[in-house]
Amino acid sequence: MQAVIFAGGYGTRLGEETQTIPKPMVEIGGKPIIWHIMKIYSHYGIHDFVILLGYKGYVIKEYFANYFLHQSDLTIDLKSNSIEVHNNTSEPWRVTLLDTGQETQTGGRLRQAKAYLQDEPFMLTYGDGVADIDIAALQRYHREQNKILTMTVVRPEGRYGVVDLERESNDINRFLEKPTQGEQWINGGFMVCQPEIFEYLQIGDEMPFEWAPLEKLASSSQVKGFRHEGFWRCMDTVRDKNVLEQLWQGDAPWKVWE
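Quick summary incoming for the structure in this document. Bear in mind that the values here come from a model prediction, so they are computed numbers and not experimental data.

Turning our attention to the overall build of the chain. Helices and strands together make up the secondary structure of the chain, namely seven helices and 16 strands. Since a compact globule built from 258 residues should have a radius of gyration of about 18 Å, the 19 Å found for the chain is in line with a globular shape. Projected onto its principal axes, the C-alpha positions of the chain cover 70 × 40 × 35 Å. Buried residues in the chain amount to 49% of all 258 residues.

Listed below in structure tokens is the structure:
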């Protein structure tokens, strides 16, 4: 199975952190947050990634282009122009990096990924959120529900729009910009999609995936919510980054890998 990661946003609320690098490259514990996300998936046997680039996407390209070099001990013979590699600790990842346009919205970015995906279900998430989610359980739940999209839903801290989640069936019927009352859940990323999702993306690059495509899927009863009661955090602000950094120095809940 492949995993698609949105990595094209500006990350303006991170201030100086994203003036020279894109948001997914902001580091937690000396590693870009996108690395942490990929490690979560890799722990569950998903090693094939399609990363959808936009703002300063070349920084992400350069990071992965030089990843093998940075993860190895080297002997460089300048006279013979040769490099001997020692103790490589690189990851078993295959990474496809797509420049989807700086101003392209998430719907347009995902639509461009179709040519690089196999004709089978795939994972989809954002390049700024980590969780201690059980990816294997999420995959099983998706297969059981027989819907086009399964979305991991999490409890918000009170600053996000919410999803209208049916208590018994876990159907997602609509999306609310602001909380009203009752039990509140939000889109936590970590989605599983059927290839049929591209039928809902016959739009231009200016359409966010979270607007018309998701609304149409939900109104067609094609979205299920996978309730995640554990740890989840989106790195949206400098405060979020600092919280994640502090957690990493201790017992980071999302570090499911060894």
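Next comes the rest of the account.
Buried residues dominate helix H4 (residues 106–113), accounting for six of its eight residues. Summarising the contacts, the buried residues of H4 are in contact with strand E1 (2–7), strand E4 (48–53), strand E7 (94–99) and strand E8 (122–126).

Moving on to the nonpolar core. Ranked by size, the top nonpolar core spans 46 residues in total, and within it Tyr41, Ile135 and Trp254 carry the most contacts. Taken together, the elements giving at least two residues each to this core come down to E1, helix H1 (33–43), E4, helix H2 (57–65), strand E9 (129–131), helix H5 (135–145), strand E16 (232–234) and helix H7 (238–249). With seven residues, the single largest contributor to this core is H1. Once residues within four sequence positions are removed from consideration, Trp254 is found in contact with Ile28, His36, Ile40, Val130, Ala131, Asp132, Phe231, Leu244, Leu247 and Trp248. Judged by nonpolar contacts, the second largest core, of 31 residues, contains Leu52, Phe198, Tyr200 and Phe209.

Now for the side chain of His142. Assignment of secondary structure puts His142 in helix H5. Its relative accessible area of 3% is what places His142 among the buried residues. Side-chain polar atoms of His142 contact the side chain of Gln194, separated by 2.8 Å. When sequence neighbours within four positions are dropped, the list of residues in contact with His142 reads Lys147, Ile148, Leu149, Thr150, Val192, Cys193 and Gln194.

Let us look at the packing of aromatic side chains. Under the counting rule described, the total for this entry stands at 16 aromatic pairs. Directly above the aromatic system of Trp35 lies the positively charged group of Lys31, at a separation of 5.3 Å from the ring centroid.

With five bridges joining them, strand E5 (residues 73–77) and strand E6 (residues 82–86) adopt antiparallel strand pairing. Note that in E6 the partner of Thr75 across the bridge is Glu84. Count of turn residues in the E5/E6 antiparallel hairpin: four residues, of which Asn81 carries a positive phi of about 55°.

Once that is clear, we can look at a nonpolar patch on the surface. A contiguous nonpolar surface patch, about 670 Å² in accessible area, is contributed by Phe68, Leu69, Leu74, Ile76, Leu78, Ile83 and Val85. For the nonpolar patch, the secondary-structure elements that each account for two or more residues are helix H3 (67–70), E5 and E6. Position of Phe68 among the secondary structure elements: in helix H3.

Residues that lie three or four places apart on an α-helix share one face, since the helix turns once every 3.6 residues. When the terminal C-alpha atoms of H7 are compared, their 17 Å separation across 12 residues agrees well with the 16 Å that a helix rising 1.5 Å per residue should span. Buried within H7 we find Asp240, Lys241, Leu244 and Trp248. Projection of H7 onto a plane perpendicular to its axis shows the buried side chains occupying an angular sector of 100°, all on one side. What points out from H7, more than 90 degrees from its buried face, is the exposed set Arg239, Gln246 and Gln249. In this structure, the buried residues of H7 make contact with strand E2 (27–28), H1, E9 and E16.

This part takes up the environment of Phe198. Secondary-structure assignment places Phe198 in the loop between strand E14 (191–193) and helix H6 (212–219). Spatially, the C-alpha atom of Phe198 lies 23 Å from that of Asp128, the residues being 70 residues apart in sequence. Contacts of Phe198, omitting those with residues within four sequence positions, involve Leu110, Arg111, Lys114, Leu117 and Phe122.

Criteria and thresholds
Residues numbered from 1 in each chain as written. Predicted model: local features only at pLDDT ≥ 70, side-chain atom pairs only at ≥ 80, totals over all residues. Heavy atoms only, no water. Helix = DSSP H or I, 4+ residues; strand = E, 2+ residues; numbered from the N terminus. Rg over C-alpha atoms; globule rule 2.2 N^0.38 Å. Buried < 20%, exposed > 50% of the residue type's maximum accessible area, 1.4 Å probe, protein only. Contact = heavy atoms within 4.5 Å. Core = buried A, V, L, I, M, F, W, Y, C linked by side-chain atoms within 4.5 Å. Polar contact = N/O pair within 3.5 Å; in protein donor to acceptor, adjacent residues only side chain to side chain. Phe/Tyr/Trp six-rings, centres within 6.5 Å; stacked < 30°, edge-to-face > 60°. Lys NZ or Arg CZ within 6 Å of the ring centre and 35° of its normal. Pairing = 2+ DSSP bridges. Patch = residues over 30% accessible without salt bridge, like charges linked within 9 Å, V, L, I, M, F, W, Y side chains within 5 Å. Areas by Shrake-Rupley, 256 points an atom, 1.4 Å probe, with all protein chains shown as cover. Salt bridge = Lys/Arg side-chain N within 4 Å of Asp/Glu carboxyl O. Expected span 1.5 Å × (residues − 1). Arc of directions from axis to C-beta.

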